[in-house]
Amino acid sequence: MSPKITTVEPARWQPTGLVTTLLSPGARQVIRCWLGTGDFLDEQHQPRILLALAEGDDAFTDLVRCANPDLVSAVVLNELLRKGIVEALESGHVLLRRSAYAPAGQPEPESVLAEPEDLFSNGIPRRRFNDT
């Protein structure tokens, strides 16, 4: 069974810096597909709550297959759960946490860490301003 893909134009959501920093390339593909494919968005264009590892309509396995058929659904789901990007519900569904996506076109907030070039000037490690 191959899901019918419907793209929403223009994209309303984009992954946050949290997602792009923490996740593997395959998991990032899955999140981008979840945010940008009409079949995985509800009527208000919010990411749908998906069945965790079942087959059928609104299933996480269909999302992974849509994003990249070479990925293993259970592996991607475990990564997303472990890193706190999705939340497992008692009903057997998974919910994409709101901290994983932001409105498209919004700039990411500046990092609280010093820039990498500030950490090692002249080869000598320096403290970051948030080190204690």
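Here goes a summary of the coordinates provided. Just so you know, these numbers come straight off a predicted model, no measurement behind them.

**Some thoughts on the sheet that holds strand E2 (residues 50–51)**
Thought 1: Taken together, the three strands give an open sheet; going across it, the order is E2-E4-E3, and neighbouring strands pair in antiparallel fashion. Looking at which strands have only one partner, the edges of the open sheet turn out to be E2 and strand E3 (86–88).
Thought 2: The pairing of E2 with strand E4 (residues 93–96) spans two bridges and is antiparallel. Its bridge partner lying in E4, Leu-51 is registered against His-93.
Thought 3: Together, E2, E3 and E4 form the strand contacts of helix H2 (residues 25–36), whose direction differs from that of E4 by roughly 85°.
Thought 4: Of the strands in this sheet, E3 and E4 touch helix H4 (residues 73–82), which is tilted by about 100° from E3.

**Considering the pattern of salt bridges**
Thought 1: Applying the stated criterion to the full structure yields three salt bridges.
Thought 2: The shortest N-O distance in the salt bridge between Glu-79 and Lys-83 comes to 3.6 Å.
Thought 3: A residue is classified by how much of its surface remains accessible, and Lys-83, at 31% relative accessible area, is partly exposed.
Thought 4: For the salt bridge of Arg-97 with Glu-87, the shortest nitrogen-to-oxygen distance reads 3.9 Å. Taken as a pair, Arg-97 in the loop between E4 and strand E5 (101–103) and Glu-87 in strand E3 lie far apart in primary sequence, 10 residues in all.

What counts as what
- Residues numbered from 1 in each chain as written.
- Predicted model: local features only at pLDDT ≥ 70, side-chain atom pairs only at ≥ 80, totals over all residues.
- Heavy atoms only, no water.
- Pairing = 2+ DSSP bridges.
- Helix = DSSP H or I, 4+ residues; strand = E, 2+ residues; numbered from the N terminus.
- Contact = heavy atoms within 4.5 Å.
- Axes fitted to C-alpha atoms, helices over the stretch in contact; angles between N-to-C directions.
- Salt bridge = Lys/Arg side-chain N within 4 Å of Asp/Glu carboxyl O.
- Buried < 20%, exposed > 50% of the residue type's maximum accessible area, 1.4 Å probe, protein only.

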